[in-house]
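Given next are the chains, with one letter for each unit.
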Amino acid sequence: MLTGLDDVDWASMRHAYGSAEDVPDLILGLRSPDAAERDKALSGFYSTVHHQGDIYRCTTASLPFLFTLATDNVTPARGDVVGLVTAIGREAVERCESEWWSDVDAFDPEHADMVDHVAAARVVREHGDLFFRFATAPDPGVRRSGIAGLGYFVDDAARAAAALRERLGAERGTVLRLLVVETMATLALRRPECTADAQTWLAGLAADPAVDPETRIAALVHQARCAPERIDDDLVPAVVALLKTVDDAGWRLPPPPQPAQDTVAPQVAPQVADMFEYLDRINRIHAPTTTLLRTFHEVLDGRVPHRTALLAEQLHSRDPGVVIDAIRMSITLMQAWRGDHAHLVTEIAAHLGSPHHEVAAEAAAALHACHVIAEPAREALAAHVTAQGPTGWEATEPATRRAHQEAVAALARLGDVRAVPSLSRAFDREVDDWRATDPAAALVGVAPELIPHLCGQLRRLDLSRDRATVEMTARSVLAALARAAPDTRAFDAIVGVLRAAVDRQRWDLTTTALKALTTFGPAAATALPEIRPLTASADLNVRSAAAGALWAVGRDVDAAVPLLIGLLGEDSPLMSTFDVLGAIGPPAAAALPRLREHLRHSYEWVRVHCAAAIWDIAGPPEAPTVLAVLLQAWTQNPATATVAAACLDRMGPAAEPAVPHLREQLARPHRAGKFADIRGDEDLQRTSRVVLARFG
């Protein structure tokens, strides 16, 4: 059946993880009668031969054999094989048509033989006629990939369009009908000769009251996808009106994923297990219209009011699955785009009381994720938390438990002490107390009763155990206790961890403890005997943190500055070194010659931190140079905006030449800052407005 498989020189080729000698076994595994063996082979193929969408020579060499399997009716799970071929082909075709991928010479010559999308696209197109067959197969899995392939691999675009029109009439399932409409739009975008006819067909579908509302919505969305410049104010209301007619009450919410501990080894840190569970949960799609509506949001792009109106309707659905997916789309919008999101926050908060516990949990998680702008949800969060009482933290039903814990975390990050009883219970009973640490950090300033709990977490750490488990917990607790300065209980706990970390040569933990001590300033002077020896550590991060602590705690300029200047001689100086020199200010003037050298560094992060330090040390005489470096770095890499804007704020009147740049940046609709997230961008906007206010 797979004649010639052993004749290919697989050993001469590579995939993502080395030699391609194992490719024949993966191909043979795809036709195994054993489902587990097939799943293993399919997963292996995606993770090695088609790793993250990459196309290698071995990927191309495997295609003829995959097509053999795909066309054999006795191949078990043919849909998976056709899906694999379609995934490879679609990626190859898109890369061929992308300017970014158009020049293979742009790649490292050493790896050029691993870039083979042109050849792969040619092979799949040579088999293009097979997709007409796949598109009419009895197996819906085969049919799904066959329909998608008609948009990419068929030379005769008119024939492909005719086949798609026919498929829409034949298909009864919502998912495949929506795919037919999407594929017609894909064909129109790729093949200009059929664009006009496709647009006419889509317009007819959208206007036909005899067509089901899901398909009409798809037609409107993909019309807009084909011609985004024609989007007007009538489009979203038209889609919303159709959404109101969708009979979504019959869709059932899928069962939640199994708890992470069922699938992750018990010795794995709970934070890691939680991440596995999160990935399982977040990648789920709960309603057949979700993919379509995500596409619509992508098409609408920065039209935040339009998208908000659409999401509000999605959030009003009777189907809990639609609501869950809408909550996630809302977070995606708020995290990526600036704007007034109070209405969305309020709409999400209304679902905290949902009888569907998964919906309530998703709403609470969303409010936690956007806590910086979640003030309109404060009372709803507090009502949810207090209604359950502290015992809600350890509720036996997983979704109820998650909803309570996420709501507590969101409330705490708003600085609301009504979160304290649940956090205290988490620590007292040692139930998911690792989840309580970060929220507690937000409250230690107004709820000092949490400090003993955090200290207790540190005392319970066993540094002889798994490094990752301990350090994930320790970093969170130390960061929380750092915010409790100058409380002596927090100080004693941090020093205890520092000593234990040094004894066990746990340098990452040592660095974290040193940085926590700096927040105590001179109040931590009794720790200087612990700090000074670490300034000679062989570990660069420890050495830098110790030098910073020596200054922050001991105010010993004569000792700290030479150490910091020495650290500037490293090939890759740490940003924290520049920041400490800047914090020292004019007494660190001896570092200026070395700092000026780094203004020419190839890495923009080094330049921007360096420029900020120079301003803090030398002041107004350096303003022209500092401004030029800050604005150039900000333009080159928008992530540096957080550091640059903070320095502009410190520059006072000297920052006036940056006013046009700041105004331009504030006018941009995208989130920006170091992580381009809600917290960083809201801080960036606030700082920028403070600077601009000085100049009218």
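This one's a predicted model, so the numbers in the text were calculated from it and none came from an experiment.

Definitions and cut-offs
Counting starts from 1 at the beginning of each chain's written sequence and moves along it residue by residue. With pLDDT at 70 or above as the cut-off, local features in this predicted model cover only qualifying residues; side-chain atom pairs require 80 or more to be listed or tallied, and sums for whole chains, interfaces and linings still use all residues. To get the side-chain values, all heavy atoms of the structure are used, and hydrogens and water are removed first. Residue types Ala, Val, Leu, Ile, Met, Phe, Trp, Tyr and Cys, when buried and joined through side-chain atoms within 4.5 Å, form a set referred to as a nonpolar core. Relative accessibility decides the category of a residue: with a 1.4 Å probe and only protein chains considered, values under 20% of the type maximum give buried, values over 50% give exposed, and everything between is partly exposed. Here a helix means four or more residues in a row that DSSP labels H or I, a strand means two or more in a row labelled E, and each is numbered from the N terminus. In what follows, a contact means two residues having at least one pair of non-hydrogen atoms within 4.5 Å. In plain terms, two cysteine sulfur atoms within 2.5 Å form what is called a disulfide here. Axis angles are defined between N-to-C directions and span 0 to 180 degrees, where every axis is a line fitted to C-alpha atoms and, for a helix, only to the segment in contact. Here the angle decides the label: under 35 degrees means roughly parallel, over 145 means roughly antiparallel, 65 to 115 means roughly perpendicular, and every other value means oblique. For any pair of crossing helices, the crossing counts as left-handed if the nearer helix is rotated counterclockwise from the farther one by less than a right angle, and right-handed if it is rotated clockwise. All residues other than Ala, Val, Leu, Ile, Met, Phe, Trp, Tyr, Cys, Pro, Asp, Glu, Lys and Arg, Gly among them, are scored as polar; the first ten of these are nonpolar and the last four charged. Each patch groups residues whose relative accessible area exceeds 30% and which form no salt bridge, using 9 Å between like charges and 5 Å between nonpolar side chains of Val, Leu, Ile, Met, Phe, Trp and Tyr. Working definition of accessibility: Shrake-Rupley area with a 1.4 Å probe, residue cover restricted to the visible protein chains. For this document, the term salt bridge refers to a Lys or Arg side-chain nitrogen within 4 Å of an Asp or Glu carboxyl oxygen. Charge convention: Lys and Arg are scored as positive, Asp and Glu as negative, and His as well as the terminal groups of each chain are ignored. A single reference atom marks each charge: NZ on Lys, CZ on Arg, CG on Asp, CD on Glu. Working definition: rings of Phe, Tyr and Trp (its six-membered ring) pair if their centres are within 6.5 Å, and the pair is stacked with planes under 30 degrees apart, edge-to-face with planes over 60 apart, and tilted otherwise.

## Notes on the nonpolar core
In terms of nonpolar packing, the biggest core is built from 178 residues, with L367 and L481 touching the most fellow members. No other element matches the nine residues that helix 9 (residues 174-190) contributes to this core. The residues touching L367, leaving out its near neighbours within four places in the chain, are V345, I348, A349, L352, A374, A377, L381 and A410. Within the second largest apolar cluster, 51 residues are counted, among which are L592, V606, L627 and L630.

## A look at the state of the cysteines
One pass over the full model with this rule turns up zero disulfides. Distance from the sulfur of C58, which forms no disulfide, to the nearest cysteine sulfur (C96) is 17 Å. Free of any disulfide, C610 has its nearest cysteine sulfur in C647, 11 Å distant. Given a relative accessible area of 0%, C610 falls into the buried group.

## Notes on the packing of helix 32 (residues 604-618) against helix 34 (residues 641-651)
Remark: helix 32 packs on helix 34, axes separated minimally by 10 Å, with the N-to-C direction vectors making an angle of 15°. Taken together, the axes of helix 32 and helix 34 are roughly parallel relative to one another. Seen along the crossing, helix 32 lies across helix 34 with a hand that is left-handed. From helix 32, W605, V608, H609, A612, W615 and D616 reach across to helix 34, where they touch V643, A644, C647, R650 and M651. Each residue belonging to the contact of helix 32 with helix 34 can be placed in one class, and the counts come to eight nonpolar, one polar and two charged.

## A word on unusual backbone geometry
Between A485 and P486 the backbone carries a cis peptide bond, its omega angle lying at 10°. The phi torsion at E430 lies on the positive side, around 55°, for a residue other than glycine. Tracing the sequence through the fold places E430 in the loop between helix 21 (420-429) and helix 22 (433-441). Unusually for a residue other than glycine, A676 sits at a positive phi of about 50°. With respect to the helices and strands, A676 occurs in the loop between helix 35 (659-666) and helix 36 (678-693).

## Side note on helix 14 (residues 290-300)
With eight of 11 residues buried, helix 14 lies mostly within the body of the structure. Taken as a whole, helix 14 has its buried residues at T290, L292, L293, T295, F296, H297, V299 and L300. Buried positions along helix 14 lie against helix 9, helix 11 (213-226), helix 12 (235-243), helix 15 (304-315) and helix 16 (320-336). D301 sits one or two residues past helix 14 and shows a positive phi near 55°.

## Examining a negative patch on the surface
A contiguous patch of negative charge on the surface is contributed by D9, E21, D22 and D25. By the secondary structure assignment, D25 is in helix 1 (residues 23-29). The class for D25 is exposed, based on a relative accessible area of 56%.

## Re the packing of aromatic side chains
Under the criterion given, the structure shown has six aromatic pairs. Taken together, a centroid distance of 6.3 Å and an interplanar angle of 90° make the contact between F67 and F131 edge-to-face. In this pair, F67 is assigned in helix 3 (residues 57-70) and F131 in helix 6 (residues 130-134), connecting sequence segments 64 residues apart. For F67, a relative accessible area of 3% translates into the label buried. On the basis of relative accessible area, F131 is assigned to the buried category, the value being 0%. With centroids separated by 5.3 Å and ring planes inclined at 90°, the aromatic side chains of F131 and F134 adopt a geometry described as edge-to-face.

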